[in-house]
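Here's the letter readout for the chains.
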Amino acid sequence: MITKSTVRDVSGILGMLAVAVVALGMRAPSLCAQAPPAAPPNPAPTLADMKGKTADQFYKKIEALKGIPADQVHPAMEYITTALGVGCGYCHVIGHFDSDDKREKHVARSMMQMTMALNQTVFDGKREVTCFTCHRGVAKAESTLLLPGDKTPKEKTAMEIFPALALTNYTNLDSAMAPSKAPATVMSGPAPAPKPAAEAAAPLPSASDIFSGYERALGGKANVDKITALSFKGTADMLVPPPPAPPGVTPPPPTMGTVPAEHYVKGEKGVISVTFPGRPPVSTGFDGMIAWHNTPIREDTGDERMMLIELGEKFPGLEFQKEHTDVKVDAIEKVGDRDTYRVVGTRKEGFPVLDRLNFDTQTGLLVRSYTTMQSVIGSFPEDTYYEDYRDVSGVKVPFTMRVVSAEGNRTYKWTQVDANSPADDAKFAKPVPPAPKPPAD
C-alpha cells in the first residue's frame, strides 16, 4: 500500500518468486515483457531507460497496450498472472519473449482489446470489466454455471446448438448501452413508507488526532525520531518450493512451509529476503532511488516500484498523511474482535485510488492496512494485519504480520528485532549481475 510498510509490500512478490524458482521464472514479472535486444550479456531494462517512452517505443511486439507508459507494462503483466493464475510462460516463449509463436499470446491480446472496448464504450470509459471478471484465478473462464464438484461438460452446449445472435459490428460498440444511460425505473403502486430517521452517530475524531495518537502509542515522537534503523530476523510461513531437482526430473509443486526471513531498514532504504531450502536468498529492496529484485535481477516500475519504496519506512502508516490527499476518518469498523477507526486517503502518486488503515480505538496502534496493486488493465488487493506489538528501544514494533493476498497468504513472525543496529549500505543496493563465463576453448 502507499502507506509505507515494513514487509507487507513485498510479501506478495516473494510468494510469487517461490513459484518462479520452480517454474523457469514463469511468475517473475521481468520475464513478462519483450525487452529490446542488446549485446550479451543482455541487461534488464531500467526505469531510467523507460523514462518518457511509451510501451511500443520501448518494447518489441507491443500490440494491445500501445501508447501506455513503458513503465506500466510489467504491472499489467503481473496483474494478468494473478487474474488467470498462470506464469509468464503461459503466453510467452521463455527466453524469446518477442516471439509470437504461442496461440495464448494472440488470444491474450484479443481479450485485452475486448475488455478495453467494453469499458470505453459500454461503461463510460470506467474500468468495470477486467481479466478477473471472468477468469477468477483460472486460465480458462467457464461459459456456464457449474455446480459444486462438477466439471465443464464435454457434450455440445446450448450455445453451440443455438448459435449466438449475429451481431453485425463487433468493433464499434454503441455507447448508448452504458448503464448510466439506462432510463430510470418506473415505480408503480403506493409510495414506500419513509424510513425512520437514524440516530445521530457519535462524532469521529480527526485524522490528525488519529495519527498523533498513533505516534504516542508507538512511544512518542522523541523515541520514534531516535530510531534510524531497524533489523528483523525470524521466519515466514508461505508458499515454499522444494529443493532443486536433478536434471530431467519434474519437481513437486510448492507447498506451505516455514523458512528463514530477514528485513532491514535504514533511512529511506529497505531490503527483505527469505531463504528456501537448497537455494540462495530471494531478496527485494529499495536503495533510495531504485526498487529491485534479485531473482532475476531487475528494477521494478509502476505500482510495483511504489510499493517497494515503502521498504524504507520503519513504522507502517506513519507517513500516510504526507502521501495521500483527502485523508479522513470515515467509520468505526470491526477488525476481528477489536473496534477500530478506519482512515482513508487517495494516493498522491501513481493511480489516484483509495488506501485504508485501521487503528485500534483503545490502544491507538495500527491493526490493519489495505491497498491494491494497480495496473492499466486491472488490480488486486492486499490486506496486512499487525499483531503482537512489543517494546524495542522505547518504541512499539509488531512482531507478527499476517498478509492476505491474491498471490497467497503469508505470516511473518519476528523473533529478534534490533534498533539502530549497523547495516552496510551495500545490503540495500541492486545486485550486480555475474560476469559472463568466457567461451570454452
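Residues numbered from 1 in each chain as written. Predicted model: local features only at pLDDT ≥ 70, side-chain atom pairs only at ≥ 80, totals over all residues. Heavy atoms only, no water.

Novice: Just to check I follow, could you spell out the overall build of the chain for this structure?
Specialist: Within the chain, the secondary structure is distributed over eleven helices and 13 strands. Residues counted as buried form 44% of the 441 residues belonging to the chain. Considering only contacts within the chain whose residues lie at least 6 apart along the sequence, 59% involve residues at least 24 apart. Surface summary for the chain: the accessible area is close to 23400 Å², and the carbon and sulfur share equals 58%. (Helix = DSSP H or I, 4+ residues; strand = E, 2+ residues; numbered from the N terminus. Buried < 20%, exposed > 50% of the residue type's maximum accessible area, 1.4 Å probe, protein only. Contact = heavy atoms within 4.5 Å. Areas by Shrake-Rupley, 256 points an atom, 1.4 Å probe, with all protein chains shown as cover.)

Novice: When you look at the layout of surface pockets in this model, what are you seeing that I'm missing?
Specialist: Taken as a whole, the second largest pocket holds about 560 Å³ of empty space. Breaking the lining of the second largest pocket down by element, the ones donating at least two residues are α4 (73–84), α5 (103–121) and α6 (131–135). Sort the elements by how many residues they give to the lining of the second largest pocket and α5 lands first, with nine residues. Within the lining of the second largest pocket, the residues separate by chemical class into 15 nonpolar, four polar and three charged. (1 Å grid on protein atoms, 1.4 Å probe; cavity = no way out; pocket = protein on both sides within 12 Å on 5 of 7 lines; lining within 4 Å. Points joined across faces, edges and corners; volume = space filled by probe spheres on them. Nonpolar A, V, L, I, M, F, W, Y, C, P; charged D, E, K, R; others polar.)

Novice: What is the right way to look at the confidence of the model for the chain in this model?
Specialist: The predicted coordinates should not be examined in detail at positions where pLDDT is low. Averaged over all residues, the pLDDT of the chain equals 83, while 84% of them reach at least 70. For the chain, the element scoring lowest by mean pLDDT is helix α1 (residues 8–22), at 44; helix α8 (residues 207–218) scores highest, at 98. (pLDDT = per-residue confidence, 0-100.)

Novice: I'm lost on the pattern of salt bridges in this one. Help?
Specialist: Any two side chains of opposite charge can pair if their charged atoms end up close together. In the structure shown here, the tally under the stated rule is 24 salt bridges. We note a salt bridge from aspartate 425 to lysine 266, for which the minimum N-O separation is 3.1 Å. Taken together, the residues span a long stretch of sequence, with aspartate 425 in the segment after β13 (410–419) and lysine 266 in strand β2 (residues 255–266) at a distance of 159 residues. Its relative accessible area of 38% is what places aspartate 425 among the partly exposed residues. Classification of lysine 266 as partly exposed rests on a relative accessible area of 29%. Residue arginine 347 is joined to aspartate 355 by a salt bridge in which the shortest nitrogen-to-oxygen separation is 3.1 Å. Like arginine 347, the residue aspartate 355 is buried in the burial classification. (Salt bridge = Lys/Arg side-chain N within 4 Å of Asp/Glu carboxyl O.)

Novice: Please explain the nonpolar core as it appears in this structure.
Specialist: Nonpolar side chains in soluble globular proteins tend to be buried together. Core analysis: the biggest nonpolar cluster contains 45 residues, and Val274, Val343, Phe359, Trp414 and Val417 have the highest contact counts within it. Other than its neighbours up to four places away in sequence, valine 343 contacts Ile210, Phe211, Phe320, Val327, Lys328, Val329, Asp355, Arg356, Leu357 and Phe359. Of all hydrophobic cores here, the second largest spans 23 residues; its members include Ile68, Ala70, Tyr79 and Leu84. (Core = buried A, V, L, I, M, F, W, Y, C linked by side-chain atoms within 4.5 Å.)

Novice: Looking at this structure, I do not really get α5. What am I missing?
Specialist: Note that an α-helix has 3.6 residues per turn; residues three or four places apart therefore point the same way. Over its 19 residues, α5 extends 27 Å from the first C-alpha to the last, a length consistent with the 27 Å expected when each residue adds 1.5 Å. By the burial criterion, the buried members of α5 are Lys105, Arg109, Met112, Thr115, Asn119 and Thr121. Against α4 lie the buried residues of α5. (Expected span 1.5 Å × (residues − 1).)

Novice: Is there a simple way to think about the packing of aromatic side chains in this case?
Specialist: Considering all chains together, one arrives at six aromatic pairs under this definition. With a centroid separation of 5.4 Å and 50° between ring planes, the pair formed by phenylalanine 232 and tryptophan 414 is classed as tilted. Residue phenylalanine 232 is found in strand β1 (residues 229–240), and its partner tryptophan 414 is found in strand β13; the two are separated by 182 residues along the sequence. Like tryptophan 414, phenylalanine 232 is buried. Here a set of aromatic residues connected by ring pairs shows up, and it is made of Phe211, Tyr214, Phe320 and Phe359. (Phe/Tyr/Trp six-rings, centres within 6.5 Å; stacked < 30°, edge-to-face > 60°.)

Novice: Looking at this model, I keep getting lost on the environment of phenylalanine 428. Mind explaining?
Specialist: Residue position: phenylalanine 428 is located in the segment after β13. Judged by relative accessible area, which is 0%, phenylalanine 428 ranks as buried. A sequence separation of 136 residues divides phenylalanine 428 from tryptophan 292, and the C-alpha atoms of the two residues are 9.4 Å apart. Excluding residues that lie within four positions of it along the chain, phenylalanine 428 makes contacts with Tyr264, Val265, Lys266, Lys269, Gly270, Val271, Phe286, Asp287, Trp292 and Ala423.

Novice: What is the right way to read the pairing of strand β4 (residues 282–286) from this model?
Specialist: Two faces make up the sheet, and in a regular strand the side chains alternate between them. The element β4 is largely enclosed, with a buried count of five among its five residues. Here β4 shows two buried faces, one formed by Val282, Thr284 and Phe286 and the other by Ser283 and Gly285. In this structure, strand β3 (residues 269–274) lies alongside β4, joined through five bridges in antiparallel fashion. Paired with isoleucine 272 across the two strands is threonine 284, which belongs to β4. Relative to strand β5 (residues 291–294), β4 is paired through three bridges, and the arrangement is antiparallel. (Pairing = 2+ DSSP bridges.)

Novice: What should I look at first to understand the state of the cysteines in this one?
Specialist: What is meant by a disulfide is a covalent connection between two cysteines, made through their sulfur atoms. Summed over all chains, the structure comprises zero disulfides. Free of any disulfide, cysteine 134 has its nearest neighbouring cysteine sulfur in cysteine 131, separated by 9.3 Å. What makes cysteine 134 partly exposed here is its relative accessible area of 48%. (Disulfide = S-S within 2.5 Å.)

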